Amino acid sequence: MNDKNVMRKVWIASLVGSSIEWFDYFLYGTVAGLVFYKIFFVADDPTVGLLLSYASLALAFIIRPFGGIIFGYIGDKIGRKRTLVLTLSIMGIATVLMGLLPTYQAIGVAAPIILIILRLVQGLGIGGEWGGAVLLAVEYAPKEKRGFYGAFPQMGVTIGLFLGSGALSFITAVVSPESFIAWGWRIPFILSVLLVIFGLWIRKGLDETPSFIKMREAGEISKLPFVEIFRNQWKEVIIAVGGKVVETAPFYIFSTFIVSYGTNHLGFTSSQVLISIMIATIVTTLLMPIMGRLSDKIGRKNVYISGVNGIILFAFPYFWLLEQRTFITLLIATVLGLGVIWSPITAVLGTMFSEIFDARVRYTGVSLGYQIGAAVAGGTAPLIATWLLVQFNNSYVPVALYIILTAIISLIAVITVRDKSNQELGEFNKPNNEVEKELKNILNRWRKLISNSPKKKSPQMRAANDDGTSKKSIRGM
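Now for a description of the structure that goes with this document. This one's a predicted model, so the numbers in the text were calculated from it and none came from an experiment.

Quick notes on the rules
Residues numbered from 1 in each chain as written. Predicted model: local features only at pLDDT ≥ 70, side-chain atom pairs only at ≥ 80, totals over all residues. Heavy atoms only, no water. Helix = DSSP H or I, 4+ residues; strand = E, 2+ residues; numbered from the N terminus. Buried < 20%, exposed > 50% of the residue type's maximum accessible area, 1.4 Å probe, protein only. Contact = heavy atoms within 4.5 Å. Areas by Shrake-Rupley, 256 points an atom, 1.4 Å probe, with all protein chains shown as cover. Phe/Tyr/Trp six-rings, centres within 6.5 Å; stacked < 30°, edge-to-face > 60°. Lys NZ or Arg CZ within 6 Å of the ring centre and 35° of its normal. Core = buried A, V, L, I, M, F, W, Y, C linked by side-chain atoms within 4.5 Å. Axes fitted to C-alpha atoms, helices over the stretch in contact; angles between N-to-C directions. Parallel < 35°, antiparallel > 145°, perpendicular 65-115°, else oblique. Nonpolar A, V, L, I, M, F, W, Y, C, P; charged D, E, K, R; others polar. Patch = residues over 30% accessible without salt bridge, like charges linked within 9 Å, V, L, I, M, F, W, Y side chains within 5 Å. Salt bridge = Lys/Arg side-chain N within 4 Å of Asp/Glu carboxyl O. Lys, Arg positive; Asp, Glu negative; His and termini not counted. Charge placed at Lys NZ, Arg CZ, Asp CG, Glu CD. Arc of directions from axis to C-beta.

**Re the overall build of the chain**
Scanning the chain from terminus to terminus reveals 20 helices and 0 strands. Counting over 477 residues, the chain shows a buried share of 55%. Within the chain, contacts between residues separated by at least 24 positions form 86% of all contacts whose residues are at least 6 apart in sequence. Here the chain displays about 20,500 Å² of accessible surface, and carbon together with sulfur accounts for 67% of that area.

In structure tokens:
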């Protein structure tokens, strides 16, 4: 199989698997704002129920770093491919079980407890999926096209969101609101098993990435990736966490928070909001490979920073457009925010993260940075935005300022990142302590060689030594 066919197989596998995982994941986020607070997190005050529903969404983000640790360890020890098969299977099982779960009215408090457990399982799965999907594309790609191919697993995020929004939009269009709440929302959860089977079949025919094969053949597999990453590359983890903030918080404002905000505060129907999200995801999906290709020409950091600056400038205009309360302005706001301005940030994020970690701990490193950032800023974003609305009398100003704050945090985080576009990935950089030991051993060997080598003395030195010996003899008499 030639390189062109291999890369086609790789980008399809990374794109399809990632899309399915995110489809499963986003179904929960969207339905949480429409249904779950009515049938699982039942409360006298609907706002309290909505907050509890979003809190369950945030819990999965908290567990995602643990998924990164667990599956990062597996991915750095036994390979990227096997790990990706495992994460996809876990996500699929949890999602189907959600679709079969009885409501609070049927089994009482056990319903939300089981739902939260299943959501945590989803969090573990997605915590390991993203890093593997990115490395599958990046470690196979030639250096001059790494940004382009690294954008494909990122496209899975928006394709998954599109599929989830599309499925729910279709169902809400053909069934009554009462039927949707009663049983309609369950359909995409249950049918997702077909997509999972397809994704597993696609990934089955892949080989391990060249980077991992080289590492395995060279005997460079890390014994404890998690320990090694914090001993030698903890700064890179912090950079990745900070860089993730602006990619995730505005995303969940533009795609999840808007569902409840648009329907409960601005008077839009759920179908209008979901359709605007779907159209925006089409735009950003088409733009991502273009942005990835652009990063191969002008650098990841330049493309990323341009998107961050766009988020800062658009934070207030986004809400100004929404406040017009027409479908056209809702569509424009969502397409500009989620479709155009957000795309350069997410398109290069995975590739940029992959390039700052060594191959020995790359799966663990990219997963930790991405998932900790998601836990801190992603899952909490709808919750924080809803809380800000409650605290400030439904004013959007604090929410806009919150979006700007996330952008500033990420700009500070990536200041020290060295752009490695069109450079080879660092493969077997030894940990710092091993390098120091090796240097000390070399210096010690040189000292021994110098001290043991015979020294030839010049006639003048011999004469001086003889004279010194004579003087010592005279003084001793």
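**Section: the packing of aromatic side chains**
Applying the stated criterion to the full structure yields 23 aromatic pairs. Arranged with centres 6.5 Å apart and planes meeting at 75°, the rings of Trp-130 and Phe-353 form a pair that is edge-to-face. Of this pair, Trp-130 sits in helix α5 (residues 110–140) while Phe-353 sits in helix α15 (residues 343–355), and the two are 223 residues apart along the sequence. Across this residue pair, the class does not change: Trp-130 and Phe-353 are buried. An aromatic cluster is built from Phe-254, Phe-257, Tyr-261, Phe-314, Tyr-318, Phe-319 and Tyr-396, whose rings are joined through pairwise contacts. The ring centre of Phe-148 lies 4.4 Å from the NZ or CZ of Arg-293, which sits over that ring.

**A look at the nonpolar core**
Ranked by internal contacts, the top residues of the largest apolar core, which has 127 residues, are Phe-36, Ile-253 and Phe-319. In terms of residues, this core owes the most to one element, helix α1 (residues 3–39), which gives 19 residues. For Ile-253, the contacting residues outside a window of four places in its chain are Ile-258, Tyr-318, Ala-381, Ala-385, Val-399, Tyr-402 and Ile-403.

**Some remarks on the packing of helix α14 (residues 327–341) against α15**
Interhelical geometry of α14 versus α15 gives an angle of 25° and a closest axis separation of 5 Å. For the element pair α14 / α15, the angle class is roughly parallel. Side by side, α14 and α15 meet where Gly-339, Val-340 and Ile-341 of the first sit next to Ser-343, Pro-344 and Ile-345 of the second. A per-class count over the contact of α14 with α15 returns 4 nonpolar, 2 polar and no charged.

**Re a positive patch on the surface**
There is a patch of like positive charges on the surface, built from Lys-4, Arg-8, Lys-145, Arg-293 and Lys-297. Those elements that provide at least two residues to the positive patch are α1 and α12 (270–298). With respect to the helices, strands and loops of the structure, Arg-293 is situated in helix α12. Classification of Arg-293 as partly exposed rests on a relative accessible area of 32%.

**A closer look at helix α10 (residues 225–232)**
Along α10, the residues classified as buried are Pro-225, Glu-228, Ile-229 and Asn-232. End-on, the buried residues of α10 take up no more than an arc of 100°, which puts them together on one face.

**Remarks on unusual backbone geometry**
The backbone of Arg-325 sits at a positive phi, close to 60°, despite the residue not being glycine. If you trace the backbone, Arg-325 turns up in the loop between α13 (300–322) and α14. Exposure remark for Arg-325: the relative accessible area of 45% places this residue in the partly exposed category. At Asn-394, a residue that is not glycine, the phi angle is positive and equals roughly 65°. Among the structural elements, Asn-394 can be located in the loop between α17 (380–391) and α18 (397–413).

**A short note on helix α9 (residues 210–217)**
All buried positions along α9 are accounted for by Ser-211, Phe-212 and Met-215. Burial along α9 is one-sided: seen end-on, the buried residues are contained in an arc of 95°. Where α9 is buried, its residues contact α2 (46–77), α3 (80–99), α5 and α16 (362–378). Note on α9: the residue one or two positions beyond its end, Gly-219, has a positive phi of about 70°.

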